[in-house]
Amino acid sequence: MWDEVKRLGAKAQETRIEARFEENSNRAAEFGLHALGMLFDYSKTHLDEASRAALVALAQTAGVEAKRDRMFAGEPINDTEGRAVLHTALRNLDGGPVLVDGEDVMPGVRDTLDRMAKLAEHVRGSDVTDVVNIGIGGSDLGPAMAYLALKPYADGPRCHFVSNVDGADIADTLRTLDPETTMFIVASKTFTTIETMTNARTARAWLDDRGVSHEGRFVALSSNAEKAAEWGIPADRVFGFGDWVGGRYSMWGPIGLALMIAIGDKAFRAFLRGGQEMDRHFKSAPLHQNMPVLLALTGIWHNQVMGHATRAVLPYDNRLARLPAYLQQLEMESNGKGVTIDGDPLAENSGPVVWGEPGTNGQHAFYQLIHQGTRVVPCEFMVAAVGHEPDLRHHHDLLVANCLAQSEALMRGRSLDEARDICAEKGFEGAELERQARHRVFPGDRPSTVLVYPQLTPEALGKIVALYEHRVFVEGAILDINSFDQWGVELGKELATSLGPIVTGEASSEGKDGSTRALVDFVLRHRE
């Protein structure tokens, strides 16, 4: 099936994207999907009817539907760790039972959510002005992204997010806070994550140095209640979650506590409901009308078929500024693998490099490369139809215009003849006109997709995040990899542990490679 898809890919590139609209006046409708109040437009790609049908067949051959059903049924599809994958249960607000090893996990999920709501409302009604979430990876990127995204709904305490073990991160955060009105959330499933616990100890010392009691100042988001108790955190302020929730999929549950405190229980549940709506769509819609599936197939088309190694996520929504970073972890930690589920080398490339920035800032930074560089970068634009600032409607109109213009410009480009006309109008002549014109040529024929949603509400954000989660699942299923483990992060962590005493001068660097020894020696010399 891969051979057929690639054959069609080579053929599809022979026709420019813009020409496809000339051949088919209904292309935008045929290659655009309306679902859940959103529009996913993938018409500005090289996909045609034949290649789309082949990709759908590829997904069917890979067993995407069966693998999807196994995931929702609670089967241990994360087979290298022997775990189910059920972050979807955290947002299953009014669905049926969800079984893991024959036991319904939903009563525990609902009880935890209610306990979170109780604490959140207590904090929102207290003298707490600032909440510092201390985590890393999935315990930081998700809630930090969502807090910024939902700022119009944040009527609770201010939230801050500390993740980097670099002391500058927590020092800069604490510098302006009042210890008497600050609360800390320590987010570590095991309560042993070295970066998180190092920052947590610094936070505790900050309170001690100012004579402020720890009582009521710490909450633990952890399944290790015993370790949390050693910290003096009572059981009613400890929120655990099952091993069937991976870190990068965890903000739907306890890891989202800071977000719930900021926006309140009602808005947080609206966020969950948006995710649940996308789950239901993903489970029930046929593949050719399924938004996560079509987003994934477009990604497979651009990366594995067309050979484009990177993917730019470009939200024209300043409050989604952290979404590209969030998706970097979601996609690259999930699908950045080199072997299949059976341990065989991948026959195709694994996931792409994911990057991006919000528009319109990116237009004045890296869009030069996107438009005129030698490498094609498929772009994924997203924009709200309506902003949150009615008095600044003219700002939002300009934002939307820029988003749609960039997508159009990538497709259309500018020919050499058009560039010559522009330069002639500027007064250039002869050889100089020709030289200047060549600098103004845009090759065009560069693919992009656009996701439009009515407004960035909690429910809309839930749909968007769940959309990308399921996109990652589908791409992983087609590639036959385990999208839910992350062994690639282990080696560096192990080596960092061994280097710790070497960097402090307590142990010798003997046995390390020449480069590492030289680097350590430089650091130690400058500490003398």
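Every chain's residues receive numbers from 1 upward, in the order its sequence appears when written. Local features are withheld for residues below a pLDDT of 70 in this predicted model, meaning they are given only at 70 or higher, and side-chain atom pairs are given and counted only at 80 or more; totals for whole chains, interfaces and linings count all residues. Only hydrogens and water are removed before side-chain values are computed, so all heavy atoms of the structure are retained for them.

> Would you mind going over the overall build of the protein in detail, with residue names and values included?
A count of helices and strands for the protein gives 21 helices and 12 strands. For the radius of gyration, the atoms used are the C-alpha atoms, and the globule rule reads 2.2 Å times the number of residues raised to 0.38. For a compact globule of 528 residues, the expected C-alpha radius of gyration is about 24 Å, and the protein comes in at 25 Å, within 12% of that figure. Projecting the C-alpha coordinates of the protein onto the three principal axes gives extents of approximately 75 × 60 × 60 Å. A simple rule labels every residue: compare its accessible area, found with a 1.4 Å probe on the protein chains alone, to the largest value its type can have, and call it buried under 20%, exposed over 50%, or partly exposed in between. Classification of the 528 residues of the protein by burial places 50% in the buried group. The way it works is that DSSP assigns letters per residue, a run of H or I at least four long becomes a helix, a run of E at least two long becomes a strand, and they are numbered from the N terminus.

> Can you lay out the packing of aromatic side chains for me, pointing to particular residues and giving the numbers?
Stacked, tilted and edge-to-face are the three classes assigned to paired rings of Phe, Tyr and Trp, where Trp is represented by its six-membered ring and a pair needs centres within 6.5 Å; plane angles under 30 degrees give stacked, over 60 edge-to-face, the rest tilted. Scanning all chains against the criterion turns up 16 aromatic pairs. Here Tyr316 and Phe381 contribute two aromatic rings whose centre-to-centre distance is 6.0 Å and whose plane-to-plane angle is 50°, an arrangement assigned as tilted. In this pair, Tyr316 is assigned in strand S9 (residues 310-316) and Phe381 in strand S11 (residues 379-384), connecting sequence segments 65 residues apart. Accessibility classification places Tyr316 together with Phe381 in one group, the buried group. Ring pairs connect the aromatic residues Phe72, Tyr249, Phe282, Phe473 and Phe484, which therefore count as one cluster. Only when the NZ of Lys or the CZ of Arg is both within 6 Å of the ring centre and within 35 degrees of the ring normal is a charge said to sit over the ring. Taking NZ or CZ as reference, Arg27 lies 4.3 Å from the ring centre of Phe31, over its face. The ring of Trp231 is capped by Arg204, whose NZ or CZ atom sits 3.8 Å from the centre of that ring.

> Kindly report on the pairing of strand S6 (residues 158-162), identifying the contributing residues and their values.
Regular strands place their side chains on alternate faces of the sheet. Inspection of the sheet shows strand S5 (residues 130-134) paired to S6 by five bridges, in the parallel sense. Residue pairing for S6: Asn133 is matched across the bridge by Phe161. A clockwise course of the path from the first strand over the helix to the second, judged with the strands pointing away from the viewer, identifies a crossover as right-handed. With helix H7 (residues 141-149) bridging S5 and its parallel neighbour S6, the resulting β-α-β unit is right-handed. When DSSP locates at least two bridges between a pair of strands, those strands are taken to pair.

> Which residues make up the pattern of salt bridges, and what values go with them?
Definition used for salt bridges: Asp or Glu carboxyl oxygen within 4 Å of a side-chain nitrogen of Lys or Arg. Enumeration over the complete set of coordinates arrives at 35 salt bridges. Taking the shortest distance from any N to any O, the salt bridge between Arg280 and Asp94 comes out at 2.8 Å. Pair noted here: Arg280 is in helix H12 (residues 265-284) and Asp94 is in the loop between helix H5 (64-72) and strand S3 (99-100), with a separation of 186 residues, a long-range link. Overall, the relative accessible area of 40% leaves Arg280 in the partly exposed class. Salt-bridge contacts for Arg435 lead to Glu432; the nearest nitrogen and oxygen are separated by 2.8 Å. You can see Arg435 and its partner Glu432 sitting in helix H18 (residues 430-439), three residues apart, about one turn around the helix. Taking relative accessible area as the criterion, Glu432 reaches 30% and is therefore assigned partly exposed. One continuous salt-bridge network, built from bridges that share partners, spans Arg311, Glu331, Glu380, Arg471 and Glu475.

> Got a sec to walk through the sheet that holds strand S10 (residues 353-355)? Specific residues and values, please.
Taking strand neighbours across the sheet as the criterion, the six strands line up as S1-S2-S12-S11-S9-S10 in an open arrangement whose pairing is mixed. With one partner strand each, in any of the chains shown, strand S1 (32-35) and S10 form the two edges of the open sheet. If you compare each strand with its neighbour and ignore which way they point, the axes differ by 15° on average. Summarising the sheet, S9 and S11 pair through five bridges and their orientation is parallel. Following the sheet pairing, Ala312 is matched in S11 by Cys379. In this description, contact between two residues means that some pair of their heavy atoms is separated by no more than 4.5 Å. Note on method: axes are straight lines fitted to C-alpha atoms, helices fitted across the in-contact stretch only, with angles between N-to-C directions ranging 0 to 180 degrees. Strands in contact with helix H14 (residues 323-335) are S9, S10 and S11; relative to S10, the strand with the most contacts, it is inclined by about 165°.

> How would you summarise the environment of Val523 if you had to cite specific residues and measurements?
Looking at the secondary structure, you find Val523 in helix H21 (residues 514-525). Expressed as a C-alpha distance, the spacing of Val523 and Trp244, which sit 279 residues apart in the sequence, is 41 Å.

> Summarise the environment of Leu221; cite the residues concerned and give the values.
Following the sequence through the fold, Leu221 ends up in strand S8 (residues 218-221). In the structure, Leu221 is positioned 29 residues away from Thr192 in sequence and 12 Å away in space, judged by C-alpha atoms.

> So what's going on with the packing of H5 against H12? Residues and values would help.
Interaxial distance between H5 and H12 falls to 10 Å at its minimum, and their mutual angle equals 140°. For the element pair H5 / H12, the angle class is oblique. By crossing handedness, the relation of H5 to H12 is classed as left-handed. Where H5 abuts H12, its residues Arg68, Met71 and Phe72 lie against Asp279, Phe282 and Lys283. Any angle from 65 to 115 degrees is called roughly perpendicular, while one under 35 is roughly parallel, one over 145 is roughly antiparallel, and all others are oblique. Crossing handedness is read from the near helix: turned anticlockwise from the far helix by less than a right angle, it gives a left-handed crossing, and turned clockwise, a right-handed one.

> Could you give an account of the sheet that holds S6, naming the residues involved and the relevant values?
Across the sheet, which stays open at both edges, the four strands sit in the order S6-S5-S7-S8 with parallel pairing between neighbours. With partners counted over all chains shown, the strands left at the sheet margins are S6 and S8, one partner each. Strand after strand, the sheet turns through a mean of 20° between neighbouring axes, direction not considered. Strand direction decides the pairing type here: strand S7 (residues 182-187) and S8, joined by four bridges, are parallel. Looking across to S8, one finds that Ile185 is bridged to Val219.

> Outline the side chain of Asp265, listing residues and values.
With respect to the helices and strands, Asp265 occurs in helix H12. Residue Asp265 is classed as buried on the basis of its relative accessible area of 18%. Apart from the residues lying within four places of it in its own chain, the contact partners of Asp265 are Ala117, Glu121 and Met260.

> How would you sum up the side chain of Asp130? Please name residues and give values.
Within the secondary structure layout, Asp130 lies in strand S5. On the accessibility criterion, Asp130 (2% relative accessible area) is buried. Nitrogen and oxygen atoms within 3.5 Å of one another constitute a polar contact, given that in protein one can donate a hydrogen and the other can accept it, and given that sequence-neighbouring residues count only through two side-chain atoms. Here the side chain of Asp130 touches Thr129 through a polar contact of 2.7 Å, side chain to side chain. There is a polar contact of 2.7 Å between the side chain of Asp130 and the side chain of His160. When residues no more than four places from it in sequence are discounted, the contact partners of Asp130 are Pro157, Arg158, His160, Leu177, Thr181, Thr182 and Met183.

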